[in-house]
Amino acid sequence: MTAVALIGGTGLTVLEGLEVLRRDTVDTPWGAPSAPLVHGLVHGCPVVFLARHGPAGTIPPHRVNYRANLSALQEAGARRVIAVNAVGGIRPGLDVPGRLVVPHQIVDYTYGRAHTFFEDDLEHVVHVDFTEPYCQPLRETLIEAGRRAGLEVVGRGVYGATQGPRLETAAEVDRLERDGCDIVGMTGMPEASLARELGLCYAAIALVANAAAGRGPGVLSMEEIERNLREGMRSVRSLLEQAIPLA
Ligand code: HPA
């Protein structure tokens, strides 16, 4: 059985239900991944866990070495990758902290990130298909896992990927909404397209940490976002525990 990879985002640097077997500090042709790979078992199923923002959560979204992270997980034998993303909620109903969303589409607003494996030393130019950016069977697994965990999971949503690390302006969020985005986060890209370039099956579970800028009362505070993430990650953990044996 090949391991399922988990990429933990803000608020999920460790996975409690994980029986740790070993920690591997690895390197890749693209540089070092964000953290050692933690190999372990969840309900007896092999998992390899990677903390996207580093073991202490200190790597900001625009400085994550997404290529090294995906490459390291592939080298470790993973074929399926479940990503956890903290997001702001835009669409009414999704602008509530704690909401869980399994996105089905992406609009990419990031820039200046190393976003492809197909850059140099090419024999020919490569354009991967990205019509459906997430792996549908793995999306269905996440939705089913949420059902089994007794959680309300929104099974569709358009993820707007922004550059960060600052949060958006209210006008930017209005524009994202006009573009059809339901949620906004800073780490969904280029992670998803790099996974596609490697042929990995990749899907995400997004946790709403806050109403996006201009959608809630007042300004956004990191304290509030972090508090909401701490609370919401309990649901994410129970969803993941159900998802891993199914994935
Ligand atoms: N915007 C972008 N990324 C985020 C947000 C947000 O409002 N909340 C958590 N991650």
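Nothing here was measured: the structure is a model prediction, and the numbers come from that model. (Residues numbered from 1 in each chain as written. Predicted model: local features only at pLDDT ≥ 70, side-chain atom pairs only at ≥ 80, totals over all residues. Heavy atoms only, no water.)

Draft legend 1. A look at the pairing of strand 3 (residues 37-42). Among the 6 residues of strand 3, 5 are classified as buried, and the element is accordingly described as predominantly covered. With 5 bridges connecting them, strand 2 (residues 19-24) and strand 3 associate as antiparallel partners. Looking across to strand 3, one finds that Arg 23 is bridged to Val 38. In terms of strand pairing, strand 3 meets strand 4 (residues 45-51) through 5 bridges, oriented antiparallel. In the strand pairing of strand 4, Leu 41 is matched with Pro 46. (Buried < 20%, exposed > 50% of the residue type's maximum accessible area, 1.4 Å probe, protein only. Helix = DSSP H or I, 4+ residues; strand = E, 2+ residues; numbered from the N terminus. Pairing = 2+ DSSP bridges.)

Draft legend 2. Region of interest: the site of the ligand. Close to the ligand lie Ala 86, Val 87, Gly 88, Leu 167, Glu 168, Val 184, Gly 185, Met 186 and Asn 210. The contact in question runs from a nitrogen atom of the ligand to an N or O atom on the backbone of Ala 86, over 3.4 Å. Taking Asn 210, its side chain carries an N or O atom lying 2.7 Å from a nitrogen atom of the ligand. Protein chains shield 93% of the accessible area of the ligand, which is 260 Å² for the free molecule. Among the secondary structure elements, those contributing two or more residues to the shell around the ligand are strand 5 (80-89) and strand 10 (183-185). Here the shell around the ligand takes 3 residues from strand 5, the largest share from any one element. Counted by class, the shell around the ligand contains 5 nonpolar, 3 polar and 1 charged residues. (Near = heavy atom within 4 Å. Polar contact = N/O pair within 3.5 Å; in protein donor to acceptor, adjacent residues only side chain to side chain. Areas by Shrake-Rupley, 256 points an atom, 1.4 Å probe, with all protein chains shown as cover. Nonpolar A, V, L, I, M, F, W, Y, C, P; charged D, E, K, R; others polar.)

Draft legend 3. The state of the cysteines, seen in detail. Evaluation of the coordinates by the stated rule reveals 1 disulfide. Sulfur-sulfur distance for the disulfide between Cys 135 and Cys 201 comes to 2.0 Å. What sets the handedness of the Cys 135 and Cys 201 disulfide is the S-S torsion sign, and at about -80 degrees it is left-handed. Taken as a pair, Cys 135 in the loop between strand 7 (105-108) and helix 2 (136-148) and Cys 201 in strand 11 (residues 201-211) lie far apart in primary sequence, 66 residues in all. In this pair, the class of Cys 135 matches that of Cys 201, namely buried. Between Cys 45, a free cysteine, and Cys 201, which holds the nearest cysteine sulfur, the sulfur-to-sulfur gap is 16 Å. Looking at Cys 45, the relative accessible area reads 10%, which means it is buried. (Disulfide = S-S within 2.5 Å.)

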